[in-house]
Amino acid sequence: MQIPEKIISRDKIILKTSIIGIITNVILSAFKGAIGFFTNSIAIMVDAINNISDALSSVITIIGLKLAGKKPDKDHPYGHGRIEYLTALTIGVIILYTGFTAVISSVKKIISPELPEYDNASLIIIAVAVVVKLFLGIYTQKMGVRANSDSLIASGVEAKFDTLVSFSTLVAAFIFIFFGVSLEAYLGVIISLLLIKTAAEILKDTINKILGTRPNLETIKAIYKEIRSIDGVLGAYDLMFHDYGPDKMLGSVHIEVAEDMTAGEIDTLIRRIQREIFTKFSVVIDAVGIYAINLKNPQIKSIYTAIKKLVFSDKFVLQMHGFYVNLDEKIISFDMIIDFDAPNRDELYRQIVAKVANEFSDYEVLIALDNDYSG
């Protein structure tokens, strides 16, 4: 299969943005490091170290991009896209380590204070760094959103945070110059704690994605709407996603179709669903389950209405689908979704099964308890 143009473009965006980030942060770190050394400013030194960690984050992003882009192999048939999540996790750890290191250095300066010495050139360079870092942060985060890259988004958010750090350092410098009060070490502690908070948020978000979370609710609704709009689909349920990295989403769904559809017609319908969803959402619908529906029969319609009333008598029942009655073999089957917030889902499920079985004692009742995977 040919690699989609969208994927190629995404890789170029991440690579270009990361290289810009590396060059900018190395230059800023060099200037800030020199200023911090000569002015004896711990806050500026912390800021310089932070720029180095930003540059390292960009290097890791590039490495992660290259590894994630490797073709599927025998051991990894779904590709290596999840490496990008590990990349974001690594960046979060680096930021966390930087924050803790900076806290220790700042506390030492509080215990053994040393007065900073500023000059006009130092202040001008810091002011320029504020502007440069702000634009870099906005650009990086924008490109991260455009490329759907957690690593770039994290770097962009951190860069904008760094702007606040540099600006605060500048304010502290003016306070010292005009009032003779040195807030350097205390500012270093505050900056470091904010950095740790940022790292914790990045780590939490990345770990959630590795563990598996629901996709965007609006995307789910749009995919359901698209599937249900296709001629021949009477209903769509149980939409599930398997995330193998950014822009590498596999999914499965169950659809309801008329019981008299032929195997050939169902095959054509499934292929159309797969084509439409991939074209519009870049999601590969890997499997489509089939529910046969026979509600045109008046007797079955009557049974359906009675059972629906029983099932939805409890507020925690969210959905009932895949309803089918085999009149010849006396079998009633359907799936049911019970809210995760129900006090006791298993007990409620057993109660509903008992109600239906008691009401239709002449039938074998088969009710599957589904989970609300997609919201």
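See the structure above.
In this convention, every chain numbers its residues from 1, walking through the sequence in written order. Only residues with pLDDT of at least 70 get local features here, since the model is predicted, and only at 80 or more are side-chain atom pairs given and counted; chain-wide, interface and lining totals rely on the full set of residues. Hydrogens and water are ignored here; the side-chain numbers use all heavy atoms of the structure.

A.B. asks: When you look at the nonpolar core in this model, what are you seeing that I'm missing?
C.D. replies: Among soluble globular proteins, nonpolar side chains are generally buried collectively. Residues belong to one nonpolar core when they are buried, are Ala, Val, Leu, Ile, Met, Phe, Trp, Tyr or Cys, and are joined through side-chain atoms within 4.5 Å. Exposure categories follow from relative accessible area, calculated using a 1.4 Å probe and restricted to protein chains: below 20% of the type maximum is buried, above 50% is exposed, and the middle band is partly exposed. Ile307, Val311, Phe323, Ile332 and Phe334 are the most contacted members of the largest nonpolar core, which has 21 residues in total. Looking at this core, the elements with two or more residues in it are α9 (298-311), β4 (317-326), β5 (331-338), α10 (345-359) and β6 (364-370). If one sorts the elements of this core by residue count, α9 sits on top with five residues. Aside from chain neighbours lying at most four places away, what touches isoleucine 307 is Met320, Phe323, Ile332, Phe334, Val356 and Phe360. Ranked by size, the runner-up nonpolar core spans 20 residues in total, among them Ile220, Ile230, Val233 and Ala236. We count a stretch as a helix when DSSP gives it H or I for four or more residues in a row; a strand needs E for two or more, and each element gets its number in order from the N terminus. Contact between two residues is taken to exist if any of their heavy atoms lie within 4.5 Å; hydrogens are not considered.

A.B. asks: Any chance you could explain the packing of aromatic side chains here in plain terms?
C.D. replies: Any aromatic ring pair is given by two values, namely how distant the centres are and how the planes are angled relative to each other. Geometry of aromatic contacts follows a simple scheme: Phe, Tyr and Trp rings, the Trp one being its six-membered ring, pair when their centres are within 6.5 Å, and the pair is stacked under 30 degrees between planes, edge-to-face over 60, tilted otherwise. Scanning all chains against the criterion turns up four aromatic pairs. Note on tyrosine 304 and phenylalanine 323: the rings are 5.0 Å apart at their centroids and 75° apart in plane angle, and the pair reads as edge-to-face. Note that tyrosine 304 is positioned in helix α9 and phenylalanine 323 in strand β4, a separation of 19 residues in sequence. On the basis of relative accessible area, tyrosine 304 is assigned to the buried category, the value being 17%. A relative accessible area of 2% places phenylalanine 323 in the buried class. Relative to tyrosine 363, the ring of phenylalanine 360 lies with its centre 6.4 Å away and its plane at 75°, an arrangement referred to as edge-to-face. By relative accessible area, tyrosine 363 is classed as buried at 12%. Grouped by ring-pair contacts, the aromatic residues Tyr304, Phe323 and Phe334 constitute a single cluster. The ring of tyrosine 224 carries the charged tip of arginine 228 above its face, separated from the ring centre by 4.3 Å. Lying over the aromatic face of tyrosine 237, arginine 228 brings its terminal NZ or CZ to 5.7 Å of the ring centre. By the criterion adopted, a ring carries a charge over it if an Arg CZ or a Lys NZ lies within 6 Å of its centre and within 35 degrees of its normal.

A.B. asks: Quick question: what am I supposed to make of a nonpolar patch on the surface here?
C.D. replies: On the surface, a cluster of nonpolar side chains totalling about 810 Å² of accessible area is made up of Ile110, Phe174, Ile177, Phe178, Phe179, Val181, Leu183 and Tyr186. A per-element tally of the nonpolar patch places helix α5 (residues 150-179) first, with four residues. Judged by relative accessible area, isoleucine 110 falls into the partly exposed class, the value being 30%. Residues enter patches when their relative accessible area tops 30% and they take part in no salt bridge; the joining distance is 9 Å for like charges and 5 Å for the nonpolar side chains Val, Leu, Ile, Met, Phe, Trp and Tyr. Computed with the Shrake-Rupley method and a 1.4 Å probe, the accessible areas treat only the protein chains shown as cover for residues. Just to be clear on terms, a salt bridge is a Lys or Arg side-chain nitrogen sitting within 4 Å of an Asp or Glu carboxyl oxygen.

A.B. asks: Would you take a moment to explain the pattern of salt bridges for this structure?
C.D. replies: As a working rule, side chains carrying opposite charge can pair if their charged atoms are close by. A complete count under the given rule lists five salt bridges for this structure. When the shortest N-O distance is used, the salt bridge between glutamate 201 and lysine 197 registers 2.6 Å. With glutamate 201 and lysine 197 both in helix α6 (residues 184-211) and four residues apart, this pair spans about one turn of that helix. You can call glutamate 201 partly exposed: its relative accessible area is 44%. Given the relative accessible area of 47%, lysine 197 is considered partly exposed. Across the salt bridge formed by glutamate 276 and lysine 280, the nearest N and O atoms sit 3.8 Å from each other. Of the two residues, glutamate 276 and lysine 280 both sit in helix α8 (residues 263-281), four residues apart, roughly one turn of that helix. Using a relative accessible area of 48% as the deciding quantity, one classes lysine 280 as partly exposed. Among the charged side chains, a network of salt bridges with common partners joins Glu226, Glu276 and Lys280.

A.B. asks: Looking at this structure, I do not really get the side chain of histidine 321. What am I missing?
C.D. replies: Mapped onto the elements, histidine 321 comes out in strand β4. For histidine 321, the side chain forms a polar contact with the side chain of aspartate 238, separated by 3.3 Å. Apart from the residues within four sequence positions on either side, histidine 321 is in contact with Tyr237, Asp238, Glu256, Tyr291, Phe334, Asp335, Ile337 and Asp370. Identification of polar contacts relies on pairs of N or O atoms within 3.5 Å, with a donor-acceptor requirement for protein atoms, meaning one able to donate a hydrogen and the other able to accept it, and with residues adjacent in sequence counted only if both atoms are side-chain atoms.

A.B. asks: Help me out: how do you make sense of the sheet that holds β6 in this one?
C.D. replies: Through backbone hydrogen bonds, the strands of a sheet pair up, either in parallel or in antiparallel fashion. Strand pairing requires that DSSP identify at least two bridges connecting the strands. If you trace the three strands from one edge of the open sheet to the other, you get β4-β5-β6, paired in mixed fashion. Taken across any chain shown, the strands that pair with only one partner, and hence form the sheet edges, are β4 and β6. Neighbour to neighbour, the strand axes of the sheet diverge by 15° on average, direction disregarded. Interaxial angle, 0 to 180 degrees, is taken between N-to-C directions of lines fitted to C-alpha atoms, where a helix line uses only the stretch in contact. Where α9 meets the sheet, its contacts fall on β4 and β5, and the angle it forms with β4 comes to roughly 155°.

A.B. asks: So what exactly am I meant to see when it comes to the sheet that holds strand β2 (residues 249-258) here?
C.D. replies: Pairing is mixed across the open sheet formed by three strands, whose spatial order is β1-β2-β3. Sheet topology places β1 (235-243) and β3 (283-293) at the edges, where each strand pairs with a single neighbour. Sheet twist, expressed as the mean angle between neighbouring strand axes with direction ignored, is 15°. Bridge count between β2 and β3: 10 bridges; the pairing is parallel. Bridge assignment links histidine 254 to a residue of β3, and that residue is glycine 289.

Any functional reading would require information beyond the geometric quantities listed.
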